[in-house]
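Each chain, letter by letter, is given below.
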Amino acid sequence: MPADLTERLATLFQWIDPGPDTSHLVSDISGWWRDPAVLAELGPALVAPYRAARPTVVLAPAVTGLLLGPLAATALGVGFVAAHKHGDGRLPAGPLTWAQTPPDYRGRRVDLAVRDRHLGPDDRVLVVDDWVRTGAQLRALYDICAVRGAEVLGTAVVAVDCPPDVAADLRITGLIDAADLPT
Ligand SMILES: O=P(O)(O)OC[C@H]1O[C@H](OP(=O)(O)OP(=O)(O)O)[C@H](O)[C@@H]1O
Ligand SMILES: Nc1ncnc2[nH]cnc12
């Protein structure tokens, strides 16, 4: 993890109390996008561990992945594929491959879909996301890649908040350990 970037990610992060109707704090990562130097460095830092494996495409889930994925893809000079969530009202038309997640960090099972024409057997896929807790969404993305015959190289996230065995199993690299974010 690049030490200077990691430090700035921590400085720009906040936990927010959404108000009296909510029992838990929510993460606010908007400061990462607002800082021009961090925004410019995120893509190159995320993809650095995977360059040698020559990914052909970056895959990321809605909604935050739609921001981070293209930063990573442009850093590599490859294209970007979005994974859409059922229920967000913006399902794409045409042939799709679906997978359902195990229960995620909110206890939800999420249905994710990827356009078939954008992912295939010639692809070596780098998955990108902002945060990983249970790995549920990543597992569904890996399932979709398997159905499409694409090879998953691993996942690059900003904040690693999962047990080490999950990180090892899913080949996750990160820019900051969530334990190092301010409380
Ligand atoms: O490891 P997991 O338990 O799967 O949790 C991590 C996922 O959950 C968050 O997304 P969320 O569904 O909250 O969507 P968002 O990007 O719209 O915030 C985060 O962006 C990851 O995709
Ligand atoms: N964005 C996020 N994704 C997963 N787990 C989280 N915990 C706090 N914020 C989170």
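Before reading on, note that the structure itself is shown above.
Quick caveat: nothing in here was measured; it's all calculated off a predicted structure. Residue numbers run consecutively from 1 along every chain, following the written order of its sequence. Working convention: letters from A go to chains and numbers from 1 go to ligands, in the order in which they are written. Reporting of local features is limited, given that this is a predicted model, to residues whose pLDDT is at least 70; pairs of side-chain atoms are given and counted only at 80 or more, and all residues count toward the totals for whole chains, interfaces and linings.

1. Overview of the overall build of the protein chain
Counting its secondary structure elements, the protein chain contains six helices and nine strands. For the radius of gyration, the atoms used are the C-alpha atoms, and the globule rule reads 2.2 Å times the number of residues raised to 0.38. Relative to the globule expectation of 16 Å for 183 residues, the C-alpha radius of gyration of the protein chain, 16 Å, shows essentially globular dimensions. Seen through its C-alpha atoms, the protein chain measures out along the principal axes to roughly 45 × 40 × 30 Å. With C-beta atoms placed from the backbone, a residue is labelled by how many other C-beta atoms lie within 10 Å of its own: buried for 20 or more, exposed for 12 or fewer, partly exposed between the two. Sorting the 183 residues of the protein chain into buried and exposed places 34% on the buried side. Long-range contacts, defined as pairs at least 24 residues apart, comprise 63% of the intrachain contacts of the protein chain with a sequence gap of at least 6. Note on conventions: DSSP H or I runs of at least 4 residues are helices, E runs of at least 2 residues are strands, and numbering of each starts at the N terminus. Each residue is represented by a C-beta atom placed from its backbone, and any two residues with such atoms within 7 Å are regarded as in contact.

2. Considering the site of ligand 1
Around ligand 1 sit 14 residues, and of these Thr-64, Asp-104, Tyr-105, Thr-134 and Gln-137 come closest. Looking at the shell around ligand 1, the elements that each hand over two or more residues are strand 7 (124–132) and helix 5 (136–148). Here the shell around ligand 1 gets four residues from one element, more than from any other, and that element is strand 7. When residue character is reported, Ala, Val, Leu, Ile, Met, Phe, Trp, Tyr, Cys and Pro are called nonpolar, Asp, Glu, Lys and Arg charged, and the others, Gly included, polar. When grouped by side-chain class, the residues that make up the shell around ligand 1 number six nonpolar, four polar and four charged. Nearness here has a simple definition: the residue's C-beta atom, placed using the backbone, must lie within 6 Å of the molecule or strand.

3. So, helix 4 (residues 65–76)
Between its first and last C-alpha atoms helix 4 spans 16 Å; for 12 residues at 1.5 Å apiece the expected length is 16 Å, and the two agree. Within the span of helix 4, buried status applies to Gly-65, Leu-68, Gly-69, Leu-71, Ala-72, Ala-73 and Leu-76. Where helix 4 is buried, its residues contact helix 3 (36–47), strand 3 (57–61), strand 4 (79–85), strand 7 and strand 8 (151–160). Immediately downstream of helix 4, the backbone of Gly-77 shows phi near 75°, a positive value. Any helix carries an expected span of 1.5 Å times its number of residues minus one.

4. As for the site of ligand 2
For ligand 2, the full set of nearby residues is Ser-27, Tyr-105, Asp-130, Trp-131, Arg-133 and Asp-161. Its residues assigned to classes, the shell around ligand 2 shows two nonpolar, one polar and three charged.

5. With respect to the pairing of strand 8
With eight of 10 residues buried, strand 8 is to be regarded as a mostly interior element. By the bridge criterion, eight bridges tie strand 7 to strand 8 in an arrangement that is parallel. Bridged to Trp-131 within strand 8 is Ala-159. Taken together, strand 7, helix 5 and strand 8 form a β-α-β motif whose crossover is right-handed. Two elements, strand 8 and strand 9 (residues 172–177), share five bridges in a ladder whose sense is parallel. Bridge assignment links Ala-156 to a residue of strand 9, and that residue is Thr-173. Any two strands with at least two DSSP bridges between them are considered paired. Orienting the strands away from the viewer, one traces the path from the first strand over the helix to the second; a clockwise path indicates a right-handed crossover.

6. Here's the deal with unusual backbone geometry
Of note, the bond from Ala-62 into Val-63 is cis; its omega dihedral lies within 30 degrees of zero at 5°. Here the phi dihedral of Arg-54 falls at roughly 50°; this positive angle occurs in a residue that is not glycine. Mapped onto the elements of the fold, Arg-54 is located in the loop between helix 3 and strand 3. For Arg-171, which is not glycine, the phi dihedral falls at a positive 55°.

Keep in mind these values describe shape, not function.
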